[in-house]
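Per-entry structural report
Each chain, letter by letter, is given below.
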Amino acid sequence: MMRIVLLGPPGSGKGTQASALARRRGIAHIASGDILRGNVKEGTELGRRAAPYMERGELVPDELILDMMAERLAEPDAAEGYALDGFPRTVAQAEALDSRLLEMRQRLEAVIYLEVPETELLRRLSGRRICPNCNAIYQLATMAPKREGICDACGAELIQRKDEQPEVVRTRLQGYARETEPLLDYYRRTRLLHEVDGTIGVRSVLAEIDRIVKESAAEAAGKREA
Ligand code: AP5
């Protein structure tokens, strides 16, 4: 059973890696941003409340996120393990996740921090296209779809996210530095944090995460036997 958290600034590759890891390991890919965008698209009460924050590039208030994630983590597929992408993102969210894990007598295997410099983040975000139907992620420069503007996986028309305008990206990066970076120390203290160079190419990053996850699992098994 594997539970992983992907941490990193906007555009660092959390979604790309969480999706690949989930496929490879047969675990759920749980992306708070995808769940929120789905709610906005469907016009749910949560979507209506979250949309103004997302459009400005600000974090959605913790109380909305915590209810949403508690519900998602209770779904059957999460029982097989998960890769969390975009959650937790504040210390309050990390504490809530820890309480839930304690209650369920579960633990995280590892927290992976994808380190990418800001110039590269800005380049990636301006060239990203996503599928609004199946959430597949593309990059015009290096991971373009086979047919221009069309999702390889499901054939839907690709879009650019609404929060990709430069001023909104700036707000997202500032919010990350203020609210999410403190989580690095939070997880350093629990010895769960692993820092990975997020610039080395998608496959190389995945191989590095895979290595960390295997080592963490072996270490945990060793501790249980001792
Ligand atoms: P969310 O959807 O989570 O966005 P984010 O964290 O800003 O991250 P991104 O999705 O932009 O980037 P990513 O790290 O997943 O990178 P990706 O793999 O796409 O959140 C959106 C909004 O929802 C927030 O602003 C907030 O309002 C709200 N929200 C969500 N969760 C919340 C929470 N917990 N609390 C409060 N509010 C919340 O990759 C980026 C691009 O780079 C792609 O084009 C990809 O193809 C490319 N790429 C990836 N890896 C590589 C590589 N190694 N080399 C070259 N290119 C690469």
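Residues numbered from 1 in each chain as written. Predicted model: local features only at pLDDT ≥ 70, side-chain atom pairs only at ≥ 80, totals over all residues. Heavy atoms only, no water.

1. Observations regarding the packing of aromatic side chains
Tallied over the full model, the rule gives one aromatic pair. Here the aromatic rings of tyrosine 186 and tyrosine 187 are separated by 5.1 Å at their centres, their planes lie at 85°, and the arrangement is edge-to-face. Exposure class is identical for tyrosine 186 and tyrosine 187. Each is buried. The ring of tyrosine 53 carries arginine 56 above its face, with NZ or CZ at 5.3 Å from the centroid. (Phe/Tyr/Trp six-rings, centres within 6.5 Å; stacked < 30°, edge-to-face > 60°. Buried < 20%, exposed > 50% of the residue type's maximum accessible area, 1.4 Å probe, protein only. Lys NZ or Arg CZ within 6 Å of the ring centre and 35° of its normal.)

2. Quick look at the site of the ligand
Neighbouring the ligand are 34 residues; Thr16, Glu58, Arg128, Gln139 and Arg172 lie closest to it. Arginine 89 has a polar side-chain atom sitting 2.7 Å from an oxygen atom of the ligand. Here an oxygen atom of the ligand sits 2.9 Å away from a polar atom, N or O, in the side chain of arginine 161. Considered on its own, the ligand offers 1000 Å² of accessible surface; in the complex 96% of this is hidden by protein. When residues of the shell around the ligand are traced back to their parent elements, those giving at least two are α1 (14-25), α2 (32-42), α6 (118-126) and β6 (137-139). Ranked by residues supplied to the shell around the ligand, first place goes to α2 with four residues. The residue makeup of the shell around the ligand, split by class, is 13 nonpolar, 12 polar and nine charged. When residues of the shell around the ligand are assigned to domains, at least three map to each of domain 1 (2-116 + 168-225) and domain 2 (119-160). (Near = heavy atom within 4 Å. Polar contact = N/O pair within 3.5 Å; in protein donor to acceptor, adjacent residues only side chain to side chain. Areas by Shrake-Rupley, 256 points an atom, 1.4 Å probe, with all protein chains shown as cover. Helix = DSSP H or I, 4+ residues; strand = E, 2+ residues; numbered from the N terminus. Nonpolar A, V, L, I, M, F, W, Y, C, P; charged D, E, K, R; others polar. Domains from an automatic or database assignment.)

3. Description of the side chain of glutamate 109
Turning to its location among the elements, glutamate 109 is positioned in the loop between α5 (91-103) and β4 (110-115). Here arginine 107 takes part through its side chain, which lies 3.3 Å from a polar atom of the side chain of glutamate 109. Sequence-distant contacts of glutamate 109, that is, excluding residues within four places in its chain, are made with Met1, Met2, Arg3, Ile4, Leu192, Ser216, Ala217 and Ala220. (Contact = heavy atoms within 4.5 Å.)

4. Overview of the domain arrangement of the protein
In terms of domains, the protein is made up of domain 1 (2-116 + 168-225) and domain 2 (119-160). If you average the C-alpha positions of domain 1 and of domain 2, the two centres end up 21 Å apart. Across the boundary between the two partners, domain 1 contributes 17 residues, which contact 11 residues of domain 2. Summed over both sides, the interface of domain 1 with domain 2 buries roughly 1000 Å², with 65% coming from carbon and sulfur. Among the residues of domain 1 in contact with domain 2, Gly11, Asp34 and Val116 are the three that bury the most area, contributing 34% of the side total. Applying the counting criterion to the domain 1 and domain 2 interface returns zero salt bridges. The tally of links between domain 1 and domain 2 comes to four residue pairs in polar contact (both at pLDDT 80 or more). Listing elements by their share of the side of domain 1 that touches domain 2, those giving two or more residues are α1, α2 and α7 (166-180). Taken together, the residues that form the side of domain 1 that touches domain 2 break down as six nonpolar, seven polar and four charged. (Buried area = accessible area lost by both parts, 1.4 Å probe. Salt bridge = Lys/Arg side-chain N within 4 Å of Asp/Glu carboxyl O.)

5. Observations regarding the sheet that holds β4
Strand order in the open sheet formed by five strands is β2-β3-β1-β4-β7, with parallel pairing between adjacent strands. Looking at the sheet topology across the chains shown, the edges are occupied by β2 (28-31) and β7 (193-197). Here the strands of the sheet are splayed against their neighbours by 20° on average, with no regard to which way each runs. Looking at chain direction, β2 and strand β3 (residues 81-85) are connected through four bridges and run parallel. Within β3, the position partnered with histidine 29 by the bridge is alanine 83. (Pairing = 2+ DSSP bridges. Axes fitted to C-alpha atoms, helices over the stretch in contact; angles between N-to-C directions.)

6. With respect to the side chain of arginine 172
With respect to the element layout, arginine 172 can be found in helix α7. Engagement of the side chain of arginine 172 in a polar contact is seen with the backbone oxygen of aspartate 163, the distance being 2.8 Å.

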